[in-house]
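Residues per chain, in single letters:
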Amino acid sequence: MNKDQVKGRVEQVKGKIKEAAGKVTDNSRLKTEGKVDQATGKGQASYGDAKEKAKGVIDKA
């Protein structure tokens, strides 16, 4: 696992927590921030996954 995968997944969890807090407090701004954080984290994690896969292909070659 590389740092992009870890950071991305942490960001996704942070976003889920923010979104849940926004729902509980009926704060639409917090819910939106949570969704944005989740999307950002998903993108970063996907980038990390692709890097890891490319590294595996290179190592096999």
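Residue numbering note: each chain is counted from 1, following its sequence as written. Confidence filtering applies because this is a predicted model: local features only for residues at pLDDT of at least 70, side-chain atom pairs given and counted only at 80 or more, and all residues used for totals across whole chains, interfaces and linings. Excluding hydrogens and water, the side-chain figures rest on all heavy atoms present in the structure.

(A) Here's a closer look at the pattern of salt bridges. Salt bridges are defined as contacts in which a side-chain nitrogen from Lys or Arg sits within 4 Å of a carboxyl oxygen from Asp or Glu. Overall, the coordinates contain seven salt bridges when judged by the stated rule. We note a salt bridge from Glu-33 to Lys-18, for which the minimum N-O separation is 3.5 Å. Of the two residues, Glu-33 is situated in helix α2 (residues 28-60) and Lys-18 in helix α1 (residues 3-25); the sequence distance between them amounts to 15 residues. Partly exposed residues are those whose accessible area sits between 20% and 50% of the maximum for their type, while under 20% is buried and over 50% is exposed, using a 1.4 Å probe and protein chains only. Relative accessible area serves as the criterion here: at 27%, Glu-33 is assigned to the partly exposed category. Linked by salt bridges that have partners in common, Lys-18, Arg-29, Glu-33 and Asp-37 make up one network. Labels follow the DSSP assignment, with helices taken as runs of H or I lasting at least four residues and strands as runs of E lasting at least two, numbered in each case from the N terminus.

All we've got here are geometric facts, nothing functional implied.
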